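A structural walkthrough
Read off the chains here:
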Amino acid sequence: MRVATRFCDEHGEWEPPNFINCTNEALVNASSRLESIIGNGTLDQIQETVNNTLQLMKNLTSSTNGIGAGDLSSSLSVLEKIVTVTNATGLPIEKEVFYAVIDNILSPNNSNSWTTVSKETEKDPSFLLKNMDRFSKITLQNDNITTTKFNGSNFELVINRANIDETGIRFPDEQSNNVSLNSEELSTFLKLPKQASNATKAINYVAVLYRTISDILGSDSNSKGLKGKQGENSKQRSFVNSPILSLTTQKDLGVLNPPLNLTFGHTVKNTSTEMRAVCVSWDFNLNKWSEEGCSVNQTDHQRTVCHCNHLTNFAILMRPYTQVSEESQFLKTMSLVGVALSIAFTFLTSLIYILTWRFIRSDKNIMMLNICGSLILSYTIFISSVEQTANEVACVAITAIIHYLFLVTFFSMLGLGVYYFMSITVTYYALYVANNFKSKSRVRWFLGGIWGIPVIITATNLGAFWGKGYHIKSYCWLSIESGSLYLFIIPVCLISLINILIIVSLLRVLFASSIVARSSLQRKASSGLRSLGTLLPVLGVTWLFGILAVNENAVVFQYLFVIANSFQGFFIFVSHVLLDKKVRQGIGNRYQSLSTILSFAERGTKETTLSSQSPSKSKSNEQLMKPKKKSFLKKFRQTKEKTSELSMSEKTMSTSCPQSVSHEKRNETNSD
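So, here's what we can say about the structure. Here the structure is a predicted model, which is why all the values come from computation and not from measurement. (Residues numbered from 1 in each chain as written. Predicted model: local features only at pLDDT ≥ 70, side-chain atom pairs only at ≥ 80, totals over all residues. Heavy atoms only, no water.)

Each helix and strand in the protein chain was counted, giving 22 helices and 13 strands. With 672 residues in all, the protein chain has 43% of them scored as buried. Partitioning the intrachain contacts of the protein chain with sequence separation of at least 6 by distance along the chain shows that 74% fall at a separation of at least 24. Summed over all atoms, the accessible surface of the protein chain reaches about 36,900 Å², with 56% contributed by carbon and sulfur. (Helix = DSSP H or I, 4+ residues; strand = E, 2+ residues; numbered from the N terminus. Buried < 20%, exposed > 50% of the residue type's maximum accessible area, 1.4 Å probe, protein only. Contact = heavy atoms within 4.5 Å. Areas by Shrake-Rupley, 256 points an atom, 1.4 Å probe, with all protein chains shown as cover.)

For the rest of this paragraph, the subject is the state of the cysteines. For the structure shown, the criterion picks out 3 disulfides. Across a sulfur-sulfur distance of 1.9 Å, C279 and C306 are joined as a disulfide pair. Disulfide C279-C306: the torsion about the S-S bond is -85°, which places it as left-handed. Residue C279 is found in strand β9 (residues 275-283), and its partner C306 is found in strand β12 (residues 303-308); the two are separated by 27 residues along the sequence. (Disulfide = S-S within 2.5 Å.)

All right, on to the sheet that holds β12 then. As summarised here, the arrangement of the 5 strands in space is β3-β4-β8-β12-β11, forming an open sheet in which the pairing is antiparallel. In this open sheet, the two edge strands, each paired with only one partner strand, are β3 (169-171) and β11 (294-299). Taking the axes of each pair of neighbouring strands and ignoring which way they run, one obtains an average angle of 15° across the sheet. Relative to β12, strand β8 (residues 260-265) is paired through 6 bridges, and the arrangement is antiparallel. When the sheet's bridge partners are listed, L260 is paired in β12 with C308. (Pairing = 2+ DSSP bridges. Axes fitted to C-alpha atoms, helices over the stretch in contact; angles between N-to-C directions.)

Before going further, it helps to spend a moment on helix α15 (residues 443-465). Over its 23 residues, α15 runs 33 Å from end to end, which matches the ideal 33 Å to within 8%, given 1.5 Å per residue. When we look at burial in α15, the residues that qualify are V443, F446, I450, P454, I457, T458, N461 and F465. (Expected span 1.5 Å × (residues − 1).)

By the definition in use, this model includes 3 salt bridges. E156 is the salt-bridge partner of R211, the closest N and O atoms lying 2.9 Å from each other. Separated by 55 residues along the polypeptide, R211 in the loop between β5 (202-210) and α9 (213-217) and E156 in strand β2 (residues 155-163) bring together distant segments of the chain. E156 sits in the buried class, given a relative accessible area of 5%. Here K364 makes a salt bridge to D580, at a shortest N to O gap of 3.7 Å. Taken as a pair, K364 in helix α12 (residues 363-385) and D580 in the loop between α18 (555-578) and α19 (581-590) lie far apart in primary sequence, 216 residues in all. (Salt bridge = Lys/Arg side-chain N within 4 Å of Asp/Glu carboxyl O.)

Structure (structure tokens):
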């Protein structure tokens with residue numbers, strides 16, 4: 001005994017009863033017999049049971065009032081079992097009865113039952129298409145096929161043989177009775193042109209026209225599968241607006257040249273400027289409509305002509321049309337130009353580092369090259385592939401690669417921060433620990449963390465959100481709706497916070513009172529502040545704008561993000577090439593002709609600084625410098641006299657007490 005359920009909606013009214021658990025007893029018994037005979041019966045018994053089950057299903061599904069959701073769900077399950085048995089045993093079945101059952105199930109009278117089954121189970125109309133495709137391939141395995149035609153109320157099918165190098169394939173045939181009677185159906189057909197380049201001449205094929213599929217799909221925007229998805233920028237949803245055409249051949253024809261021509265008559269005339277017709281094919285692996293390999297040749301409010309380079313199930317999908325505004329187009333152009341500039345300056349920085357590497361080689365610069373390399377790779381992939389959403393698998397891979405490379409960039413910045421922290425801050429507060437840290441290069445550990453930790457984060461993110469909206473629909477980038485973007489936002493925010501704390505520690509070291517005696521440490525702290533003080537705003541603030549720009553209404557943040565992106569490479573070049581003394585010296589050593597230009601530029605900067613001072617101030621400086629020069633000469637003479645006296649005393653004492661002198665020298669050496 002089965003139970004029907006009924007619920008109240010949010011307004012306190014009864015919803016229609018749900019009969020998904022209510023199934024005809026005869027159908028249940030037939031399904032049980034089929035399942036038991038598959039494992040234990042002989043081939044003759046299996047064949048007889050299959051044919052009897054099909055005949056019973058034909059009678060049960062032929063009701064003009066439609067069938068219940070439970071009967072529909074059970075019928076789909078039984079059909080799947082029959083296809084599986086036929087594939088395993090190779091037994092012939094009554095194809096006409098099989099197709100009659102399919103025709104009954106596709107009746108528009110079953111629309112409500114289809115809606116219930118799609119919501120309550122995994123069986124939507126694509127489930128039926130998949131099993132029909134499987135059955136067609138099983139049928140085509142037999143070389144000696146006989147021409148079969150089925151012309152039902154809801155779908156039409158032809159199994160035939162054609163010479164594709166001479167005539168090609170056209171379905172439905174122009175002489176078909178139903179086409180001549182109904183001019184509306186004449187507008188929906190497929191034509192495979194002659195494939196001269198293909199070695200196969202005569203080939204078996206199955207062509208199917210599903211006439212009423214759009215009636216079954218209805219207009220429920222929350223339904224799954226073939227109905228399409230909610231439009232991103234519109235309250236209107238995508239919907240199938242044509243019959244579905246299918247073509248399956250005995251052998252895979254590969255990429256079709258010339259392409260398959262499909263002409264679809266629209267189920268609903270498209271008079272709205274807010275909707276556009278899209279040529280799509282059903283991807284059984286991704287369980288969704290895909291535009292890959294198909295293009296619109298021409299379209300109007302009544303029909304659409306498509307060109308597709310492969311074979312499967314095809315239809316017309318009406319999607320909300322969002323006109324690209326001049327502002328968004330300008331923003332896109334700005335973004336492309338800005339990213340190209342950023343790549344150019346970052347590449348120039350990397351090139352200078354590589355050319356002068358023997359003069360500037362250090363752990364810090366290795367990590368700087370990591371930052372430049374990951375930025376160049378990530379932005380190159382970003383501008384070339386971020387819109388490649390047609391292929392789902394490729395788009396997921398692009399999203400994961402960009403995510404990974406951006407994380408490598410930020411972890412490189414973190415590695416640079418930790419390097420400065422250990423080299424400067426720890427040196428100031430704990431000299432022993434710092435000396436132990438600097439005793440040998442730790443760059444391998446840094447590089448392992450920089451490239452290794454992002455792998456774990458990216459793989460975790462990919463596994464957690466696979467098939468759950470990993471990337472946004474219009475671009476190959478992480479989605480904030482599904483939550484995948486948070487595994488980029490959280491690491492970026494943590495790294496930025498840690499680097500801010502490191503910058504604070506460097507400032508404390510820089511302005512400490514006892515630091516005057518350690519000018520080299522002061523210079524390192526200043527260099528570290530310049531490096532991190534550039535990278536943190538350039539990378540961190542840029543992605544802060546990027547996160548805020550996710551909302552399409554936040555146009556200001558979108559512009560700020562584009563502008564900040566454009567200057568990333570430039571600021572890196574200025575900070576780590578033009579303002580880095582060691583790099584400038586490396587350029588001078590590598591290219592002697594440039595050394596004079598660089599020294600002249602430095603001298604010009606100093607002269608400009610001095611000339612900007614007032615005359616009175618310069619005079620006072622001259623007066624102050626004179627006594628300093630005199631005192632310097634006096635000190636130099638005194639030092640020279642002391643040195644000569646010491647040398648004389650050492651000569652005098654060398655004969656009398658050599659042991660004491662040697663002890664003193666040892667003490668002096670130790671104190672140094």
